[in-house]
Amino acid sequence: MTVIPTAWRDKLTDIWLAETFTAIIAIVSTAYGVVVIVTAPDLLRVLSFRQAFAWAPPHAWGLTMVVLGVLMLGLLAHSRLAAAVPAVLLALAWVAWSLPIIQSPGFVWTAFVIYAGMAALTLATAFSLLVPRRKG
């Protein structure tokens, strides 16, 4: 059973939708990682970030986002399938980033929704990279 009709799937692969989303997510995640590294002292004032930094130091979170984002872009130039691996790992990193927010006293739902949404979008993009491109 197909979730997406074949004609739609072929059209979406023809316009390079998976590659476009992969590039956007990789760039946004890389930029976010750089911001976390550079502004770590300022982020420590926010309770949910302090909670996340208790799990791992700021540079670990930031470098994870940067490395996986750069890997996604680099591997995308090589192959769609290869880019799916760091995309799945990045989705897991977004999930891990959002978990401390839930544990923060008085956490803000909007932040959790944004990070969880980013994780879901990244995972969906990773799965879309697994769909082979139509030949011809």
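In this report, the structure presented in the accompanying data block is examined. (Residues numbered from 1 in each chain as written. Predicted model: local features only at pLDDT ≥ 70, side-chain atom pairs only at ≥ 80, totals over all residues. Heavy atoms only, no water.)

## Quick notes on the pattern of salt bridges
Inspection of every chain in the model, using the stated rule, returns two salt bridges. Ionic pairing is found between glutamate 19 and arginine 80, a salt bridge with its closest N-O pair at 2.7 Å. Of this pair, glutamate 19 sits in helix H2 (residues 17-38) while arginine 80 sits in helix H6 (residues 80-103), and the two are 61 residues apart along the sequence. Summarising the burial analysis for this pair, glutamate 19 and arginine 80 share the class buried. For aspartate 42, the salt bridge goes to arginine 45, with nearest N and O atoms at 2.9 Å. Given a relative accessible area of 41%, aspartate 42 falls into the partly exposed group. (Salt bridge = Lys/Arg side-chain N within 4 Å of Asp/Glu carboxyl O. Helix = DSSP H or I, 4+ residues; strand = E, 2+ residues; numbered from the N terminus. Buried < 20%, exposed > 50% of the residue type's maximum accessible area, 1.4 Å probe, protein only.)

## Regarding the environment of tyrosine 115
Inspection of the secondary structure puts tyrosine 115 in helix H7 (residues 109-129). Judged by its relative accessible area of 12%, tyrosine 115 falls in the buried class. A C-alpha to C-alpha distance of 9.3 Å links tyrosine 115 and leucine 99, two positions 16 residues apart in sequence. Other than its neighbours up to four places away in sequence, tyrosine 115 contacts Tyr32, Phe49, Trp94, Trp97, Ser98 and Ile101. In terms of polar contacts, tyrosine 115 uses its side chain to reach the side chain of tyrosine 32, at 2.6 Å. (Contact = heavy atoms within 4.5 Å. Polar contact = N/O pair within 3.5 Å; in protein donor to acceptor, adjacent residues only side chain to side chain.)

## Structural notes on the environment of alanine 56
Considering the arrangement of structural elements, one finds alanine 56 in the loop between helix H4 (47-55) and helix H5 (58-78). Judged by its relative accessible area of 19%, alanine 56 falls in the buried class. Along the sequence, alanine 56 and tryptophan 97 sit 41 residues apart, while their C-alpha atoms lie 9.7 Å from each other.

## Some thoughts on the packing of H2 against H7
Where H2 meets H7, the closest approach of the two axes is 9 Å, and the angle between their N-to-C directions is 140 degrees. By the angle between their directions, the pair H2 and H7 is classed as oblique. Handedness of the H2/H7 crossing: left-handed. Side by side, H2 and H7 meet where Ala18, Phe21, Thr22, Ile25, Val28, Ser29 and Tyr32 of the first sit next to Tyr115, Met118, Leu121, Thr122, Thr125, Ser128 and Leu129 of the second. Here the residues of the contact of H2 with H7 sort into nine nonpolar, five polar and no charged. (Axes fitted to C-alpha atoms, helices over the stretch in contact; angles between N-to-C directions. Parallel < 35°, antiparallel > 145°, perpendicular 65-115°, else oblique. Left-handed = near helix turned anticlockwise from the far one by under 90°. Nonpolar A, V, L, I, M, F, W, Y, C, P; charged D, E, K, R; others polar.)

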